Every structure is written in structure tokens, then in C-alpha cells.
Amino acid sequence: GMMGGERYGDSPLSSKGEQRPAEEKWSDFFNEPDQYWDNRALKASGERSPRYPDFKHKTTQEALWVDSWDSPKWIQETLTLMDKAAKEHQNGGYDDESVHAGEEVPGESLPPQW
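Given the structure is predicted, the values throughout are model-derived calculations rather than measurements.

About the thresholds
- Residues numbered from 1 in each chain as written.
- Predicted model: local features only at pLDDT ≥ 70, side-chain atom pairs only at ≥ 80, totals over all residues.
- Heavy atoms only, no water.
- Helix = DSSP H or I, 4+ residues; strand = E, 2+ residues; numbered from the N terminus.
- Contact = heavy atoms within 4.5 Å.
- Buried < 20%, exposed > 50% of the residue type's maximum accessible area, 1.4 Å probe, protein only.
- Arc of directions from axis to C-beta.
- Salt bridge = Lys/Arg side-chain N within 4 Å of Asp/Glu carboxyl O.
- Pairing = 2+ DSSP bridges.
- Phe/Tyr/Trp six-rings, centres within 6.5 Å; stacked < 30°, edge-to-face > 60°.
- Lys NZ or Arg CZ within 6 Å of the ring centre and 35° of its normal.

Visitor: Could you clarify how one ought to interpret the side chain of His57 in this entry?
Guide: Mapped onto the elements, His57 comes out in strand β2 (residues 55–57). When neighbours within four sequence positions are excluded, His57 is seen to be in contact with Gln35, Tyr36 and Glu62.

Visitor: Quick question: what am I supposed to make of helix α1 (residues 22–31) here?
Guide: One turn of an α-helix holds 3.6 residues; hence residues three or four places apart share an orientation. Along α1, the residues that are buried comprise Ala22, Lys25, Trp26, Phe29 and Phe30. Considered in projection along α1, the buried side chains sweep an arc of 135° and stay on one side of the axis. On the buried face of α1, the contacting elements are β1 (36–38), β2, β3 (63–64) and α3 (74–90).

Visitor: Explain the pattern of salt bridges here, please?
Guide: Where charged atoms from two side chains of opposite charge approach closely, those side chains can pair. Enumeration over the complete set of coordinates arrives at seven salt bridges. Between Arg40 and Asp38 there is a salt bridge, with the nearest N and O atoms lying 2.9 Å from each other. A salt bridge links Asp54 to Lys43; the nearest nitrogen and oxygen atoms lie 2.8 Å apart. In this pair, Asp54 sits in the loop between α2 (40–45) and β2 while Lys43 sits in helix α2, placing the two residues eleven residues apart along the sequence. By relative accessible area, Lys43 is classed as buried at 19%. Counted as one network, the salt bridges with shared partners bring together Arg20, Glu24, Asp28 and Glu62.

Visitor: Sorry if this is basic, but what is going on with unusual backbone geometry here?
Guide: With the exception of glycine, most residues fall at negative phi, and the peptide bonds are largely trans. Here Gln61, not a glycine, exhibits a phi torsion of approximately 65°, which is positive. Relative to the helices and strands, Gln61 is located in the loop between β2 and β3.

Visitor: Just checking my understanding: could you explain the sheet that holds β3 for this structure?
Guide: The strands making up a sheet associate through hydrogen bonds between their backbones, and the pairing can be parallel or antiparallel. Across the sheet, which stays open at both edges, the three strands sit in the order β1-β2-β3 with antiparallel pairing between neighbours. A strand with exactly one partner marks an edge of an open sheet, and here the two such strands are β1 and β3. Inspection of the sheet shows β1 paired to β2 by three bridges, in the antiparallel sense. Residue Trp37 lies in a different strand from β2, and its bridge partner there is Lys56.

Visitor: Would you take a moment to explain the environment of Arg51 for this structure?
Guide: On the secondary structure map, Arg51 appears in the loop between α2 and β2. Using a relative accessible area of 70% as the deciding quantity, one classes Arg51 as exposed. The spacing of Arg51 and Trp65 is 14 residues in sequence and 8.7 Å in space, taken between C-alpha atoms.

Visitor: I tried to follow the packing of aromatic side chains on my own but got confused; where do I start?
Guide: Remark: the centre distance and the inter-plane angle together describe each pair of aromatic rings, the angle taken between the planes. For the coordinates displayed, the defined rule picks out seven aromatic pairs. Both rings, one in Trp26 and one in Phe55, keep their centres 5.9 Å apart while their planes meet at 85°; by these two values the pair is edge-to-face. Here Trp26, found in helix α1, pairs with Phe55, found in strand β2; they are 29 residues apart in sequence, far enough to count as distant. Assigned by exposure class, Trp26 and Phe55 land together as buried. Ring geometry for Phe29 against Phe30: centres 5.0 Å apart, planes inclined by 65°, an arrangement best described as edge-to-face. Owing to a relative accessible area of 1%, Phe29 belongs among the buried residues under this scheme. Within the aromatic cluster, the residues linked to one another by ring pairs are Trp26, Phe29, Phe30, Tyr36, Phe55 and Trp74. A cation sits over an aromatic face here: Arg48 above Tyr52, 5.0 Å from the ring centre. Note that Lys58 overlies the ring of Trp37, its terminal NZ or CZ placed 4.5 Å from the centroid.

What follows is the structure, encoded as C-alpha cells:
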């Protein structure tokens, strides 16, 4: 079976904080996406290493990888819907491909505001 799939919350959190189930981490992300840095555009443009986390929590630094071995299957679909909604919201419902060149998130190229 999957490693540790059975024991859902009865193991103490390790000092690294990395032992939370992926489902839980992704649920947190989808509940509060604005608490995370979205590094996907930076990775796509080569500004970040391919191994860099796709998402990183602004305060806890918890890292998320979309294609991680333990990432739940549903996150890909949810992400796609979330991105689509964000894009439609951004340009008033029009899916204009010309704004695609790194313009996904305004201010994303700025350094983190601590």
C-alpha cells in the first residue's frame, strides 16, 4: 500500500513540518491560495530551477509540487479551474491569449513583500 496512507493524523508532526499528508497541504492551499507564492510562471520562464516548489507558503515556507509523487490526483484539475477562473476574472471574462506572455499575475516578478 501507500506509505503511511492509513494513519492520517495520529503521528506527531516532525520538526521539519513535512509530514503532513499531501491532501491536507493542498486543501490549505486551495482554501487560501493568496497565502502562497505561485512560482509556476518563474519556473516556466527559467528564472527558477525546475526542482523549485510550484507553490510556497509565505509564512511557513511549506513547499508544494504539483507533480510530486504524493500529490493527490484531483489537484491538477482544481488548479486548472482555479487558473481559468483567475484569468477570466482578470481580463473581464475574455480569454485573450495575447496576455499570456508572463502576464499571468501582476506583480509576480517583484520580490516578496515581507
